[in-house]
Amino acid sequence: MRALVISGGGSKGAYAGGVAEYLMREQGRKYDIFVGTSTGSLLIPHLSIGKIDKVKEIYTNVNQRTIFSLNPFVIKCKGDREYVGINYFNIILQFIKRKRTFGESKNLKRSIRKNFTKEEFLYAREHTKDVVVTVSNLSKSSTEYKSIKDFNYEDFCDWIWISCNYIPFMSIAKKDGFEYADGGFGALVPIREAIKRGATEVDAIILESENLDYNKVLGKNPFSLMVNLFSYLLDQVEQHNVTSGKLAAKANGACLNLYYTPSELTENSLVFNKKLMTEWWELGYKYAQSKFEQKQLNELKNMDMQG
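Described below are features of the structure shown in this document. Small disclaimer: the values here were computed from a predicted structure and weren't measured.

## Regarding the overall build of the protein
Consideration 1: Broken down by element type, the protein carries 11 helices and 10 strands.
Consideration 2: In summary, the protein has a C-alpha radius of gyration of 19 Å against a globular reference of 19 Å for 307 residues, a match within 12%.
Consideration 3: Overall size of the protein, expressed as C-alpha extent along the three principal axes, is 75 × 45 × 35 Å.
Consideration 4: Sorting the 307 residues of the protein into buried and exposed places 53% on the buried side.
Consideration 5: Put simply, 77% of the contacts in the protein that link residues at least 6 apart link residues at least 24 apart.
Consideration 6: Of the roughly 15,300 Å² of accessible surface on the protein, a fraction of 52% belongs to carbon and sulfur atoms.

## Notes on the pattern of salt bridges
Consideration 1: As enumerated under the stated definition, the model contains 17 salt bridges in all.
Consideration 2: In this structure, Asp158 engages Arg113 in a salt bridge whose closest nitrogen and oxygen atoms are separated by 2.9 Å. One end of the pair, Asp158, is in helix H8 (residues 153-163); the other, Arg113, is in helix H6 (residues 106-115), and 45 residues separate them in sequence.
Consideration 3: Given a relative accessible area of 11%, Asp158 falls into the buried group.
Consideration 4: Beyond isolated ion pairs, a larger network of salt bridges with shared partners links Lys109, Arg113, Asp155, Asp158 and Lys175.

## Side note on the nonpolar core
Consideration 1: Leu47, Phe156, Val202 and Ile205 are the most contacted members of the largest nonpolar core, which totals 86 residues.
Consideration 2: Discounting residues that sit within four places of it in the chain, Leu47 has contacts with Leu4, Ile6, Ala20, Met24, Phe34, Ile52 and Val55.

## Regarding helix H10 (residues 222-252)
Consideration 1: Compared with an ideal rise of 1.5 Å per residue, which puts 31 residues at 45 Å, H10 spans 45 Å between its outermost C-alpha atoms and is within 8% of the ideal.
Consideration 2: Just beyond H10, the residue with positive phi is Gly253, at close to 65°.

## Comments concerning the packing of helix H1 (residues 13-26) against helix H2 (residues 39-48)
Consideration 1: Contact geometry of H1 with H2 gives a least axis separation of 10 Å together with a crossing angle of 30°. With respect to their mutual orientation, H1 and H2 come out roughly parallel. The crossing of H1 and H2 is right-handed. Of H2, the residues touching H1 (which contributes Gly13, Ala16, Gly17, Ala20 and Met24) are Thr39, Leu43 and Leu47.
Consideration 2: Taken together, the residues of the contact of H1 with H2 break down into five nonpolar, three polar and no charged.

## Section: the environment of Glu126
Consideration 1: Considering the arrangement of structural elements, one finds Glu126 in helix H7 (residues 118-127).
Consideration 2: For Glu126, a relative accessible area of 63% corresponds to the exposed category.

## With respect to the pairing of strand S1 (residues 2-6)
Consideration 1: In terms of burial, S1 is a largely internal element, four of the five residues being buried.
Consideration 2: Across five bridges, S1 lies against strand S9 (residues 201-209) in parallel orientation. Bridge pairing in S9 links Val5 to Ala204.
Consideration 3: What joins S1 to strand S2 (residues 33-37) is H1, and the crossover it makes is right-handed.

Quick notes on the rules
- Residues numbered from 1 in each chain as written.
- Predicted model: local features only at pLDDT ≥ 70, side-chain atom pairs only at ≥ 80, totals over all residues.
- Heavy atoms only, no water.
- Helix = DSSP H or I, 4+ residues; strand = E, 2+ residues; numbered from the N terminus.
- Rg over C-alpha atoms; globule rule 2.2 N^0.38 Å.
- Buried < 20%, exposed > 50% of the residue type's maximum accessible area, 1.4 Å probe, protein only.
- Contact = heavy atoms within 4.5 Å.
- Areas by Shrake-Rupley, 256 points an atom, 1.4 Å probe, with all protein chains shown as cover.
- Salt bridge = Lys/Arg side-chain N within 4 Å of Asp/Glu carboxyl O.
- Core = buried A, V, L, I, M, F, W, Y, C linked by side-chain atoms within 4.5 Å.
- Expected span 1.5 Å × (residues − 1).
- Axes fitted to C-alpha atoms, helices over the stretch in contact; angles between N-to-C directions.
- Parallel < 35°, antiparallel > 145°, perpendicular 65-115°, else oblique.
- Left-handed = near helix turned anticlockwise from the far one by under 90°.
- Nonpolar A, V, L, I, M, F, W, Y, C, P; charged D, E, K, R; others polar.
- Pairing = 2+ DSSP bridges.
- Right-handed = clockwise from strand over helix to strand, strands pointing away.

What follows is the structure, encoded as structure tokens:
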């Protein structure tokens, strides 16, 4: 069985969409299992039913209002560049309301139900082996995987939304008596879970560059420094997930194909810029294309050497 795994990465999910489009359309990849975390959880329901054009339209037209009902960030323009600042008014408002997060993501919850219909849910549940989203159970300090086979439409949409809630910048979700947050805190790249569910070949799209070849610029205030700190912690989770995924693949005789970003796309993946996300989708498509073209060249060289 073949699985598609897409990591967390916020707005960088547009890049993953481009890679997936090339794999599914140009390489004709048919997947039995789809496993996603955070932004990956938003992509996989549509990809599982072949709605590539629809999810591309969604990802290349999203903006801050699509995600945040209360946005902790403000975008400032200086020339042709955009800078991310703190929305002090909204954060103070959250403190006054005695909320535990800087922002709220209820708009994303509504957007999920609007864009992933009940009919599409039923079709995906019937025609795919499995569609699985990753969530972090904060109450139990555990990572959980929610299968489309185990829930009704309303509950599964809730789990997709919960998988994306990157606290403390988005909402804390309460469900079934527990508090949940972004699945990336426990399993940013859930390769191992795909193999546990029977995958013998895994295409894993990892929304981070394989080798960090430059120094990150740290925030100049406590809030932006916190964004950098969370990014660092998730980098460690990602490296652990990839290592455990490779070990699981080796132990089970599974083939593992990794697709990284060729460079660091953004310092803050919670900023959703339509222009950039459109560019990232095309970049992901071209990167996957170049990777396969290079593979073909290497195979031809090997044949020539053997001849």
